[in-house]
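Take a look at the letters that make up each chain.
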Amino acid sequence: MQTLLCIISKMRKEYNQKKESQILKNLDIYKNQDFSFKNGRIIGSMCTQPLPIAKKAYIRFLETNLGDPELFPGTKEIEIRYISFLKKLLNAPKQSSGIIGTGGTESNIIAIWLAKNLSSKREIIIPKTAHFSFQKIVSLMDIKLIPVNLTKKYHMDILDVKNKIDNNTAAIVGIAGSTELGTIDPIPELSDICKDENIFLHVDAAFGGFIIPFLKKIGYNVADFDLKLKGVSSITIDAHKMGCSAIPLGSLIIREKKWLDKISVETPYISSKKQAGILATRSGAPVAAAYAVSEYLGMQGYKRIVQRCMDTTNYAQKKIENMGLNLITNPTMNILAIKLKKPSVVVYNLTRFGWKVNYMSRFSAIRIVLMPHITKRIIDEFIPYLRKACESAGESISY
Ligand SMILES: Cc1ncc(COP(=O)(O)O)c(C=O)c1O
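About the cut-offs
Residues numbered from 1 in each chain as written. Predicted model: local features only at pLDDT ≥ 70, side-chain atom pairs only at ≥ 80, totals over all residues. Helix = DSSP H or I, 4+ residues; strand = E, 2+ residues; numbered from the N terminus. Buried ≥ 20, exposed ≤ 12 C-beta atoms within 10 Å, placed from the backbone. Contact = placed C-beta atoms within 7 Å. Axes fitted to C-alpha atoms, helices over the stretch in contact; angles between N-to-C directions. Parallel < 35°, antiparallel > 145°, perpendicular 65-115°, else oblique. Left-handed = near helix turned anticlockwise from the far one by under 90°. Nonpolar A, V, L, I, M, F, W, Y, C, P; charged D, E, K, R; others polar. Pairing = 2+ DSSP bridges. Right-handed = clockwise from strand over helix to strand, strands pointing away. Core = buried A, V, L, I, M, F, W, Y, C linked by C-beta atoms within 7 Å. Arc of directions from axis to C-beta.

A. Inspection of the environment of threonine 281 at higher detail. Along the chain, the position of threonine 281 falls in the loop between strand E9 (274-276) and helix H9 (285-322). Residue classification places threonine 281 among the exposed positions, given that 9 C-beta atoms sit within 10 Å. Between the C-alpha atoms of threonine 281 and isoleucine 109, which are 172 residues apart in sequence, the distance is 18 Å. For threonine 281, the residues in contact, after removing those within four places along its chain, are Asn65 and Gly67.

So, in structure tokens, the structure goes:
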């Protein structure tokens, strides 16, 4: 009897192992259809290959739920530490706080939700370069967007901002690293206006938050953009972009912890009394990953990455301009927008050649983002394909 049970148990184990390996093989078939960061063919994404330490940390925390923190006090402590790191990075005051979520969209939603509840007003002044997450916000909330003109350098026009402020203004949004061009709005000027007028200023630094502090350190001339400026009320910053960690991880840092009450509800049947933000159940895995990356890299590590990305950007810019192509604007960060007559055809051609770049209809341009996985060697591989893609689209290029 004992032997029979042993045989059955062994057979079941073998069956399960076979089943598991078949499922994984099938998953690999799907995975192999994807483009990959590793070989550099994704050259138009704001995400990158997470650092190996992120992967190791992530899988250790798969079962954790930050929505029920008393069950996972260790994971909660990691979250507290990660928020402290972001607060230091963004010069946030002591009384500030943070909400960790899934990415820039969620953080922007929470920021506008907060501004609306703090002011009981409905209008949000935004630049025309704002990310489409703000369109979602209009659809989700009873909010009206008031778009502001851009200057020739694609920055928010401060005069137009002043003209658009009225009694219904709930918030002004400035972008520190716009999605399409990487431009930075004049945040110090916006901060002064918002301080004087007592208006909530949200800075969307989903992309630029892990770049701008280090650009300054490597000698680029960029203005302040963070909570050091007294008029800045909140900042979006994403670890799954230039933070080099795993998807999904975005954060919102808020100047005053007490403001969280405006976006909190009571949570009667779980371990915390109140919960702020949108999500309830929330994985601790991406938080552990982002924290591990921040510990691993430290400020020096991020600085090195930004330096490398900017070197690659300058290298790519020269090669592109040498081809006779023009950029929409001189890059502020590691984004190049190439002006073309037929950008969609060029994107189509590049996709056929195995390269993924972005088509930007609004600017008649394509965008490449020089993320940490893009090296000068990859640029050398890419340029002949860009040339070929442009030639066959009939773009004028020099030889
Ligand atoms: C400036 C900016 N804000 C917000 C977002 C939205 O971020 P996510 O895709 O993580 O929701 C992006 C995405 O590219 C972005 O560039």
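B. Examining the packing of helix H4 (residues 104-119) against helix H5 (residues 133-140) more closely. Axis separation between H4 and H5 bottoms out at 9 Å; the angle between their running directions is 50°. When the axis of H4 is compared with that of H5, the two are oblique. Crossing of H4 against H5: the hand is right-handed. Side by side, H4 and H5 meet where Gly104, Thr105, Asn108, Ile109 and Ile112 of the first sit next to Ser133, Phe134, Lys136, Ile137 and Leu140 of the second. Residues belonging to the contact of H4 with H5 are distributed by class as follows: 5 nonpolar, 4 polar and 1 charged.

C. Representation of the pairing of strand E2 (residues 123-127) in the model. Buried residues dominate E2, accounting for 4 of its 5 residues. By the bridge criterion, 5 bridges tie E2 to strand E3 (residues 144-148) in an arrangement that is parallel. Note on E3: the bridge partner recorded for isoleucine 124 is leucine 145. Of the crossover connections in this fold, the one passing from E2 over H5 to the parallel E3 is right-handed. Pairing analysis gives 3 bridges linking E2 to strand E4 (residues 169-175), with the strands arranged parallel. By the bridge assignment, glutamate 123 is partnered in E4 with threonine 169.

D. Inspection of the pairing of strand E13 (residues 365-369) at higher detail. Counting buried positions along E13 yields 5 of 5 residues, so the element is predominantly enclosed. The alternating pattern of E13 places Ala365, Arg367 and Val369 on one face and Ile366 and Ile368 on the opposite face, and all of these are buried. With 5 bridges connecting them, strand E11 (residues 335-339) and E13 associate as antiparallel partners. Its bridge partner being in E13, isoleucine 335 is matched across the sheet by valine 369. For strand E12 (residues 358-360) and E13, the ladder comprises 3 bridges, and the chain directions are antiparallel. Looking at the pairing, methionine 360 lines up with alanine 365 of E13. With antiparallel pairing between neighbouring strands as the criterion, E12 and E13 make up a hairpin whose turn holds 4 residues, including serine 364 at a positive phi of roughly 45°.

E. Looking closely at the packing of helix H3 (residues 73-89) against H9. Packing of H3 against H9 brings their axes to within 9 Å, and their N-to-C directions diverge by 50°. As judged from the angle between their axes, H3 and H9 are oblique. Both H3 and H9 take part in a crossing whose hand is left-handed. Counted together, Thr75, Ile78, Glu79, Arg81, Tyr82 and Phe85 of H3 and Val287, Ala288, Ala290, Tyr291 and Ser294 of H9 form the full contact between these two elements. For the contact of H3 with H9, the per-class residue count stands at 7 nonpolar, 2 polar and 2 charged.

F. Spotlight on the nonpolar core. Core analysis: the largest hydrophobic core is formed by 113 residues, its most contacted members being Ala171, Ile172, Ile253, Val287, Ala288, Ala289 and Ile366. The greatest single-element share of this core, amounting to 15 residues, is contributed by H9. Look past the residues within four positions of isoleucine 253 in its chain and what remains in contact with it is Leu86, Lys87, Leu90, Ala92, Ser96, Gly98, Leu227, Ser234, Ile235 and Ile237.

G. Fine view of the environment of alanine 292. Along the chain, alanine 292 falls in helix H9. Apart from the residues lying within four places of it in its own chain, the contact partners of alanine 292 are Ile53, Ala54 and Ala57.

H. A look at the sheet that holds strand E5 (residues 200-204). The 7 strands are arranged E1-E7-E6-E5-E4-E2-E3 in an open sheet whose pairing can be described as mixed. This sheet does not close on itself; its edge strands, each paired only once, are strand E1 (97-101) and E3. With strand direction ignored, the average angle separating the axes of adjacent strands in the sheet is 20°. Here H3 sits on the sheet in contact with E1, strand E6 (234-238) and strand E7 (250-254), set at roughly 115° to E1.

I. Molecular detail of helix H7 (residues 187-197). Taken residue by residue, H7 has Ile187, Leu190, Ser191 and Cys194 as its buried positions. With its buried residues spanning 105° around the axis, H7 presents them on a single face. Its buried side turned inward, H7 meets helix H6 (158-164), E4 and E5. One or two positions beyond H7, positive phi appears at asparagine 198, with a value near 55°.

On their own, these measurements won't tell you what the molecule is for.
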